[in-house]
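# Structural overview for review
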Amino acid sequence: MATTSGTAKVTLPADTQILITREFDAPRHHVWRAYTEPQLIKRWWAGQKGTVTSVEVDLRVGGNWRYVMVANGGFEVAFHGEFREVAAPERLVNTEAFEGVPDPDGNAGLVTVTLTEKDGRTYLEALCEYNDKATRNIVIDSGMESGMQESYDALEQVAISLA
C-alpha cells in the first residue's frame, strides 16, 4: 500500500473558489462509503483536531447533513448543509455551512466532489465555491488546510480498512 499522507493540494482557480485534489490508495467505492456513511465519517472527519460527537446524513437530493465535533480545546465545531446532487460513487454536490459564524446558511459554500478511479486508486477533486472572495479568504485563513490534510489522511485509512 502506498498511502498518500498529507498530499492534498489546495489551489484557488477563481476569486470565489477553492479546489482541493487528492489521491487515495483505495478503490472509489470504498472512498465513497467512507465519505458518505455516518459510522465511517465518525472515524475520519475530525482528523487529529478532536472527537466527532454526531454525524447525520440523509444521502438524497434535498436531504440534509450535519457533523459535530468537540475540538481538542474543548469547544464544539459544527457544519451542516443540503445535498443538491448524489450520483454514487462518483459525484456529490452539497452546501456547507460553518455554524460558528453569523448567518451560516447565507455564507454557505457549494461543494462539488468528484471521485474517479484508475488502477484501484481514487482521485478526489473538491471544488468549493463561495458568494464572494472575502468569504473564500475567511475559509482559507481559518486553518482549514491543516485540518483537511489530517481528515483526508484518516479518510484514506478508513477506506483502506474496508478492503
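As a reminder, the structure under discussion sits directly above these lines.
Here we summarise the structure given alongside this text.

Right, let's talk about the side chain of Gln149 for a bit. Along the polypeptide, Gln149 turns up in helix H4 (residues 144-161). Once residues lying within four places of it in the same chain are set aside, the contact partners of Gln149 are Gly6, Thr7 and Ala8.

Glancing now at the packing of aromatic side chains. For any pair of aromatic rings, geometry is given as the distance between the ring centres together with the angle between the planes. Per the counting criterion, the structure on display carries 6 aromatic pairs. Plain terms: the ring middles of Trp65 and Tyr67 are 4.7 Å apart, the flat faces sit at 55° to each other, and that makes the pair tilted. With respect to class, Trp65 is no different from Tyr67; both count as buried. With centroids separated by 5.1 Å and ring planes inclined at 40°, the aromatic side chains of Phe79 and Phe98 adopt a geometry described as tilted. On the criterion of sequence distance, the pair formed by Phe79 in strand E5 (residues 76-87) and Phe98 in strand E6 (residues 91-98) is long-range, its members being 19 residues apart. Judged by its relative accessible area of 33%, Phe98 falls in the partly exposed class. Ring-pair connections join several aromatic residues into one group, and the members of that group are Trp45, Trp65, Tyr67, Phe79 and Phe98.

On the secondary structure map, His30 appears in helix H1 (residues 28-36). Judged by relative accessible area, His30 falls into the buried class, the value being 11%. A distance of 3.2 Å separates the side chain of His30 from the side chain of His29, its partner in a polar contact. Apart from the residues lying within four places of it in its own chain, the contact partners of His30 are Ala159, Leu162 and Ala163.

Right, let's get into the pairing of strand E4 (residues 64-71). A regular strand places its side chains on the two faces of the sheet in alternate fashion. The sheet contact formed by strand E3 (residues 50-57) and E4 spans 7 bridges and is antiparallel. Bridge pairing in E4 links Ser54 to Val68. Connecting the antiparallel pair E3 and E4 is a turn made up of 6 residues, with Gly62 showing a positive phi of about 90°. Across 7 bridges, E4 lies against E5 in antiparallel orientation. Pairing of Arg66 across the sheet is with His80, part of E5.

Where H1 contacts H4, the two axes come as close as 9 Å, and the packing angle between them is 120°. Classified by the angle their axes make, H1 and H4 are oblique. In the packing of H1 onto H4, the handedness of the crossing is right-handed. Residues His30, Val31, Ala34 and Tyr35 of H1 lie in contact with H4, whose contacting residues are Tyr152, Leu155, Val158 and Ala159. Class assignment for the residues of the contact of H1 with H4 results in 7 nonpolar, 1 polar and no charged.

Quick notes on the rules
Each chain has its residues counted from 1, running along the sequence as written. Residue-level local features of this predicted model are given only where pLDDT is at least 70; pairs of side-chain atoms are given and counted only at 80 or more, and the full residue set underlies all totals for whole chains, interfaces and linings. Hydrogens and water are ignored here; the side-chain numbers use all heavy atoms of the structure. Numbering of helices and strands runs from the N terminus, with a helix taken as a DSSP run of H or I at least four residues long and a strand as a DSSP run of E at least two residues long. By definition, residues are in contact when any of their heavy atoms lie within 4.5 Å. Pairing of aromatic rings covers Phe, Tyr and Trp, the last through its six-membered ring, and needs centres within 6.5 Å; plane angles under 30 degrees mean stacked, over 60 mean edge-to-face, and all others mean tilted. Here's how the labels work: a residue is buried when its accessible area is under 20% of the maximum for its type, exposed when over 50%, partly exposed in between, all with a 1.4 Å probe on protein chains only. Contacts described as polar in this section are N or O atom pairs within 3.5 Å, which, within protein, must combine one atom able to donate a hydrogen with one able to accept it, while residues neighboring in sequence count only if both atoms come from side chains. Note: two strands are recorded as paired if DSSP finds a minimum of 2 bridges between them. Axis lines are fitted to C-alpha atoms, over the contacting stretch for helices. Their N-to-C directions set the angle, which ranges from 0 to 180 degrees. Each angle receives one of four descriptions, namely roughly parallel if under 35 degrees, roughly antiparallel if over 145, roughly perpendicular if within 65 to 115, and oblique otherwise. The handedness criterion is simple: a crossing whose near helix is rotated anticlockwise from the far helix by less than a right angle is left-handed, and one whose near helix is rotated clockwise is right-handed. The nonpolar class holds Ala, Val, Leu, Ile, Met, Phe, Trp, Tyr, Cys and Pro. Asp, Glu, Lys and Arg form the charged class, and all remaining residues, Gly among them, are polar.

Just distances and angles here, no functional claims.
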